[in-house]
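Report on the structure
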Amino acid sequence: MKKIDILAAPFVQEMMNTTANLYRLGWDERNGGNISYLLDEEDVKPFLDLDKVIREIPMIFDASKLAGRYFIVTGSGKYFKNVINAPAENLGIVRVAENGKSLDLLWGLENDAVPTSELPSHFMSHIARLEVDPENRIIMHNHASHLLAMTFTHEMDEKAFTRTLWQMCTECLVVFPEGVSLLPWMVPGTNEIGEATAAKMKETRLVMWPQHGVYGAGKDMDEVFGLIETAEKAAQVYTYVCAQGGVKQTISDADLWRLADAFGLTPREGYLAPRA
């Protein structure tokens, strides 16, 4: 059966459009940021011959728990601004080999390119999120400007950091009631930071890498983009509030409880004062 042009695949179009949008927002300067998108075999089959492996790519991480799974990923050292015009050079579709220690390249990553250097962190986070919610398919990392800035000026305490974001914008509690996780500063691209991120991903869908950026997870591209976008907007408001002289009034814990009740949400335990 004749295969459909891979560039017409919805998941390729999503990657092209999302990377362009992230670059437009200034969240993925140069080759900063990366995305991995878990695909089903049925998603890929209409577009590619799954028996045709272009080359094998070794990994430093044992991804046996993802053996046989398919991903579309951004490439290492690739600029998001170039993805939309040259997707095959900047993106790749890979399958995790049965031994979990290499990838079968099925499309893209032309000119001997390789997946993002953060792939171990992505795969560890995918494993963690799938244990929490089997529908989670996206891991997204970028350098959202105002969230990044907050890691220089705000108390680095998960409860305090989360509460500030909840108080800056009514939508925040609704979008991430589980809160935001924080890591200490760590070297990127290592198994160490991947393991730490994955551990946090079992608790929250947002993980901050201080003085670096943010990791987000979710069911689809819109959900993850919107998750980071909402936190970033609250961080931007926080920046404006600080510049204007600091907080004079904010959303009270009593009002946050009212908000949670209205939307049927359970805020992270211990993050709000007990109900009056």
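A brief report on the enclosed structure follows. (Residues numbered from 1 in each chain as written. Predicted model: local features only at pLDDT ≥ 70, side-chain atom pairs only at ≥ 80, totals over all residues. Heavy atoms only, no water.)

It is worth spelling out the state of the cysteines at this point. According to the stated counting rule, one finds 0 disulfides in the structure shown. There is no disulfide at Cys169, and the cysteine sulfur nearest it, in Cys172, is 4.7 Å away. Taking the relative accessible area as the measure of exposure, Cys169 reaches 17% and is therefore buried. For the unlinked cysteine Cys242, the closest cysteine sulfur is that of Cys172, found at 15 Å. The exposure class assigned to Cys242 is partly exposed, which follows from its relative accessible area of 41%. (Disulfide = S-S within 2.5 Å. Buried < 20%, exposed > 50% of the residue type's maximum accessible area, 1.4 Å probe, protein only.)

Among the 6 residues in strand 1 (residues 34-39), 6 count as buried, and that is most of the element. Across the two faces of strand 1 the burial is the same, with Asn34, Ser36 and Leu38 and Ile35, Tyr37 and Leu39 all buried. Across 4 bridges, the pairing between strand 1 and strand 6 (residues 138-142) is antiparallel. The residue bridging Asn34 from the neighbouring strand is His141, located in strand 6. Bridge analysis of strand 1 against strand 3 (residues 70-74) gives 4 bridges, and the strand direction is antiparallel. From the neighbouring strand, Ser36 faces strand 3, where its bridge partner is Val73. (Helix = DSSP H or I, 4+ residues; strand = E, 2+ residues; numbered from the N terminus. Pairing = 2+ DSSP bridges.)

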